[in-house]
Each structure stands twice: as C-alpha cells, then as structure tokens.
Amino acid sequence: MNYNVNEKGYYGEFGGAFIPEMLYPNVEELRQNYLKVMAEPDFQNEFNQLLKDYVGRPSPLYFAKRLSEKYNTKIYLKREDLNHTGAHKINNTIGQILMAKRLGKTRIIAETGAGQHGVATATVCALMGLECIVYMGEIDIARQAPNVARMKMLGAKVVPALSGSRTLKDATNEAIRDWINNPVNTHYIIGSAIGPHPYPDMVTRFQAVISEEIKWQLKEQEGRENPDYVAACIGGGSNAAGTYYHFLHEDNVKIIAVEAAGLGVDSGESAATSVLGKEGIIHGCKTLLMQTNDGQITEPYSISAGLDYPGVGPMHAHLCKTGRAEFMSITDDEAMKAGLELCELEGIIPAIESSHALAIFSQKEFKPDDVVVMSLSGRGDKDLQNYIDYFKI
Ligand SMILES: *Cc1c(COP(=O)(O)O)cnc(C)c1O
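Residues numbered from 1 in each chain as written. Predicted model: local features only at pLDDT ≥ 70, side-chain atom pairs only at ≥ 80, totals over all residues. Heavy atoms only, no water.

Colleague: Would you mind showing me how to read unusual backbone geometry here?
Modeller: Leaving glycine out, the prevailing phi sign among residues is negative, and the prevailing peptide bond configuration is trans. Cis geometry marks the peptide bond from Arg 57 to Pro 58; its omega dihedral reads 0°. Examined against the element boundaries, Pro 58 turns out to sit in the loop between α2 (41-55) and β3 (61-63). Between His 197 and the following residue, Pro 198, the backbone shows a cis peptide bond with an omega angle of 15°. Along the chain, the position of Pro 198 falls in the loop between β8 (186-189) and α9 (199-207). (Helix = DSSP H or I, 4+ residues; strand = E, 2+ residues; numbered from the N terminus.)

Spelled out as structure tokens, the structure:
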C-alpha cells in the first residue's frame, strides 16, 4: 500500500485538484515546479538555514518523565511549541515563501481561522519584505484579537470575510477569489495539508522535518529510530502529516490521529470528521467532509479554533479508510483536562489543539515499554483566555 501522493495527485481515492478553470494556471504552475524547486541545493540550504537560525530547529524531543510515570508507558513530546511564533505552522510558511520567491511572486495571500497561520505568514512576509494580505472571517477577527494585532504589527493587511458564517471556510473562499483575480504576481500560502494538489503534498514535505528529526533524536535516546506509536491532533492535518511522514511505510510504527469531538460526536457540535464525514469536495480536493444529505458543508464545532474544520486533508482520509491510522475523538472537556495535566506534571502549557492529542492517554492503554511519540503542535499562550474561562482561574 502506498500512503504518499501518486503522480495524479491522489492518496488512494482522495485528493486531486477540483478547481475553477480560472485557477488552473496558478495551480498548474505550482504543480509543475514544486518538486523541482524543492530539490535544488540552493533551496534546501536556504530552507534548512532558516529552520535552524530563525525557527530554532531542531525542536527538542523531550522525554516526559512524570507524564510517563502517570500512564505507565514511555511518552516523548516533539516540542513544536518551542518554534518561533509558537507552533509548527512556521515550517510550512518558510517553505512556501521560498517557493513563492523562486516562482517570481511578490504578493502573498493567506486564509486564517484562529490566526496562527496568519501570524506565521505575516512573519515570513516581513522577513522577506513581501506584501501580505490575510483573509479572516469577521467573527474570527473579533474572537482572536491578539493574533489580529500581531499580524498588523508584522505589516500584514487583514481583510474581513463578510459572507456566510464569517469564519474560516468563508475566509478561504475570499482568498481563492483574490487568487483568481491576481494570477500572475500572487502566491496563496495554504496553512494545512489540504487544498488542491500539489498543496497537501507540498505542505506535508515541508512539515516532514518533524519526523526526520524524530528519527535521529529517538535513536540517540532510545537506541532505535522507530517508536511504537506516533500521535498527533488533526485539524486539516499538517502537524500530523509531518509527524507521520517518515513512518508511513514502517509497518511496526502505529499511527494515531486525534480529532476534536467538541461537545460529543453525536451532539451536533463536533469536528470529528472521520466519524461524521462522507466523501465530498472542499477547497479543491476530494476528501472526508462533514456535510448534510444534500451536500451542504456542516458547521464544525470545537473549543479549539485550530481543529474547528469540517474536513481532513486527503492523506488522512486515505489513512482512515485503509485503517493505517487509528482515529480517536476527544471532547472539549477531555482535552482541557489533559492540557491542565501537562501544566501540572511537566510545566508545559500546551495549545488546546495539542491538548486533544494528550488526552489519548486517559482513553487508551499503552504497554509499559511502548515508546509513544506525540506532536506537541503548539504552545498555549494564545489560548490563555480560553483556559481562564474554562477553569475559572
Ligand atoms: C493550526 C494548528 C493545528 C491544526 O492544524 P493542522 O494543519 O492539523 O496541524 C494544531 N495545533 C496548533 C498549535 C495549530 O496552531
């Protein structure tokens, strides 16, 4: 079984590029060039240098001793929370900004929900001196004020999406509209392992630095490259794709994907796509998607803005369908409890997205000598108000 993208842009039956004709030249230009550009030694050197000196990579692989003792297994945390800007998103935005420059683009657009991808994009545009426009739903602008302020300080223009539910999916629609109108000078930086081919594969390859590092770091600490499990939370699936990438075809490494169940899978307020989703098309690719019987996209819900997406990337749809990955759904309450537990046991305040992944230890039994590597995708600073409100701190 192949878990990577094939030359037609598919993971099994998922993926592809379902785009309006007017977008075809942009996407096709990218498709024809992305692998070639990424393979250039010049590109590699600049990418790796920036990951090292600007992002602060390699991120530590930290053996969480007290957490491991509590759950009687060996838990390693891949510390993406320690990256510049506080999450894994910057790995991808650095890669895509270098790609955009190689393709002669001078203007960058992005969509953002919680604002994490918007901040990472605004950051690399400032770094490279490129114009940056971030589309964001009007509702999200109101509820993610600190990130909006960050983007503005970094020189980005934040444009409110006023249509539909005025959240992430509407911001994405606005960004696509902009790209259609500006096909020559503009690159669209998608923030997760979603969108039309080649985006899911390109984003996955930029994030694959996560599992590349895990291999040598685990070898140093455990004497072997392969853990028994890799686990990560899934919004669109970029931190997960990066964490799994070099283990996809290692049969002895089990894969766990963690989705947000919101108030409960059957509550009508959920983002558990693997359970509730059916095959459909969203933002240019065929994947698993939460939708009504007549194909309207269902509004997802999660306490975590980064997991509040009605689909998953096509790679994850394939991993789900083939059974390569075990999908688990974690409720708001379970996640918040696990997040607080990490604070108390390890002195680390995780992003609420990452807290979902941490909650698997109270749901699933691991053996004492199992090595479980978990992606700690981001830090909790951005979620402080949420934690305060929830725990009445
Ligand atoms: C955006 C985000 C996610 C979800 O995005 P993926 O593409 O699924 O990784 C998870 N964790 C954090 C900290 C994020 O900012």
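Read on for the rest.
Colleague: Just checking my understanding: could you explain the packing of helix α4 (residues 89-102) against α9 for this structure?
Modeller: Any two packed helices are characterised by the angle at which their axes cross and by the distance between the axes. Two numbers describe how α4 lies on α9: the axes approach to 8 Å, and their chain directions differ by 115°. In this structure, α4 crosses over α9, and the sense of that crossing is right-handed. Between α4, through Lys 89, Asn 91, Asn 92, Gly 95, Gln 96 and Met 99, and α9, the contact on the second element is made entirely by Tyr 199, Met 202, Val 203, Phe 206 and Gln 207. Residues that form the contact of α4 with α9 fall into these classes: five nonpolar, five polar and one charged. (Axes fitted to C-alpha atoms, helices over the stretch in contact; angles between N-to-C directions. Left-handed = near helix turned anticlockwise from the far one by under 90°. Contact = heavy atoms within 4.5 Å. Nonpolar A, V, L, I, M, F, W, Y, C, P; charged D, E, K, R; others polar.)

Colleague: Help me out: how do you make sense of the pairing of strand β5 (residues 107-112) in this one?
Modeller: Successive side chains on a regular strand alternate, one facing one side of the sheet and the next facing the other. Of all six residues that make up β5, six are buried, and the element is covered over most of its length. A two-sided burial pattern is seen for β5, the buried positions comprising Arg 107, Ile 109 and Glu 111 on one face and Ile 108, Ala 110 and Thr 112 on the other. Sheet topology places β5 next to strand β6 (residues 131-137); six bridges connect them, and they run parallel. Bridging across to β6, Arg 107 finds its partner in Glu 131. Both β5 and β8 contribute to a ladder of four bridges, which runs parallel. For Arg 107, the partnering residue across the bridge sits in β8 and is Thr 186. (Buried < 20%, exposed > 50% of the residue type's maximum accessible area, 1.4 Å probe, protein only. Pairing = 2+ DSSP bridges.)

Colleague: Which parts of the structure should I look at to understand the nonpolar core?
Modeller: Note on soluble globular proteins: their nonpolar side chains tend to be buried together. Core analysis: the largest hydrophobic core is formed by 85 residues, its most contacted members being Ile 97, Met 99 and Tyr 244. One finds Tyr 71, Leu 77, Tyr 229 and Ile 330 within the second-largest nonpolar core, a separate group that totals 29 residues. (Core = buried A, V, L, I, M, F, W, Y, C linked by side-chain atoms within 4.5 Å.)

Colleague: Where do I start with the side chain of Asn 239 in this structure?
Modeller: Tracing the sequence through the fold places Asn 239 in helix α11 (residues 238-244). A distance of 2.7 Å separates polar atoms of two side chains, one belonging to Asn 239 and the other to Ser 375. (Polar contact = N/O pair within 3.5 Å; in protein donor to acceptor, adjacent residues only side chain to side chain.)

Colleague: Is there a simple way to think about α9 in this case?
Modeller: Along α9, eight of the nine residues are buried, which leaves the element largely enclosed by surrounding structure. All of the buried residues along α9 are Tyr 199, Pro 200, Asp 201, Met 202, Val 203, Thr 204, Phe 206 and Gln 207.

Colleague: Please clarify how the packing of aromatic side chains should be interpreted in this entry.
Modeller: Ring pairs (aromatic) are described by centroid distance and by the angle formed between their planes. Going through the model one piece at a time under the given rule, you end up with twelve aromatic pairs. Relative to Phe 391, the ring of Tyr 390 has its centre 4.9 Å away and its plane inclined at 80°; by these criteria the two rings are edge-to-face. In this structure an aromatic cluster arises from ring pairing among Tyr 71, Tyr 229, Phe 361 and Phe 366. In this arrangement the basic side chain of Lys 254 is found over the ring face of Tyr 229, its NZ or CZ atom lying 4.7 Å from the centre. (Phe/Tyr/Trp six-rings, centres within 6.5 Å; stacked < 30°, edge-to-face > 60°. Lys NZ or Arg CZ within 6 Å of the ring centre and 35° of its normal.)

Colleague: How should I be thinking about the site of the ligand in this particular structure?
Modeller: The full set close to the ligand counts 17 residues, and Lys 89, Ser 192, Gly 237, Ser 238 and Ser 377 are the nearest of them. A distance of 3.2 Å separates an oxygen atom of the ligand from a polar atom in the backbone of Gly 236. For the ligand, an oxygen atom lies 2.7 Å from a polar atom in the side chain of Ser 238. Here the ligand, which alone exposes 380 Å², has 96% of that area covered by the protein. Of the residues contributing to the shell around the ligand, the split by class is four nonpolar, eleven polar and two charged. (Near = heavy atom within 4 Å. Areas by Shrake-Rupley, 256 points an atom, 1.4 Å probe, with all protein chains shown as cover.)

Colleague: Which parts of the structure should I look at to understand a nonpolar patch on the surface?
Modeller: A surface patch of nonpolar side chains, amounting to about 370 Å² of accessible area, comprises Ile 349, Leu 384, Ile 388 and Ile 393. Relative to the helices and strands, Leu 384 is located in helix α16 (residues 384-391). On the basis of relative accessible area, Leu 384 is assigned to the partly exposed category, the value being 43%. (Patch = residues over 30% accessible without salt bridge, like charges linked within 9 Å, V, L, I, M, F, W, Y side chains within 5 Å. Salt bridge = Lys/Arg side-chain N within 4 Å of Asp/Glu carboxyl O.)

Colleague: Teacher, can you tell me more about the packing of helix α1 (residues 24-39) against α9 here?
Modeller: Packing of α1 against α9 brings their axes to within 10 Å, and their N-to-C directions diverge by 15°. On the basis of their axis angle, the class for α1 and α9 is roughly parallel. The chirality of how α1 crosses α9 is left-handed. On α9, the residues touching Leu 30, Tyr 34, Leu 35 and Met 38 of α1 are Tyr 199, Asp 201, Met 202, Arg 205 and Phe 206. Across the contact of α1 with α9, the residue classes break down as seven nonpolar, no polar and two charged. (Parallel < 35°, antiparallel > 145°, perpendicular 65-115°, else oblique.)

Colleague: Would you mind showing me how to read the sheet that holds strand β7 (residues 157-161) here?
Modeller: The strands making up a sheet are joined through hydrogen bonds of the backbone, oriented either antiparallel or parallel. As summarised here, the arrangement of the four strands in space is β7-β6-β5-β8, forming an open sheet in which the pairing is parallel. One side of each edge strand has no neighbouring strand; the edge strands of this open sheet are β7 and β8. Neighbour-to-neighbour, the strand axes of the sheet open up by a mean angle of 25°, direction not taken into account. Of the pairings in the sheet, the one linking β6 to β7 comprises five bridges and is parallel in character. The residue of β7 that forms the bridge with Val 134 is Val 158.

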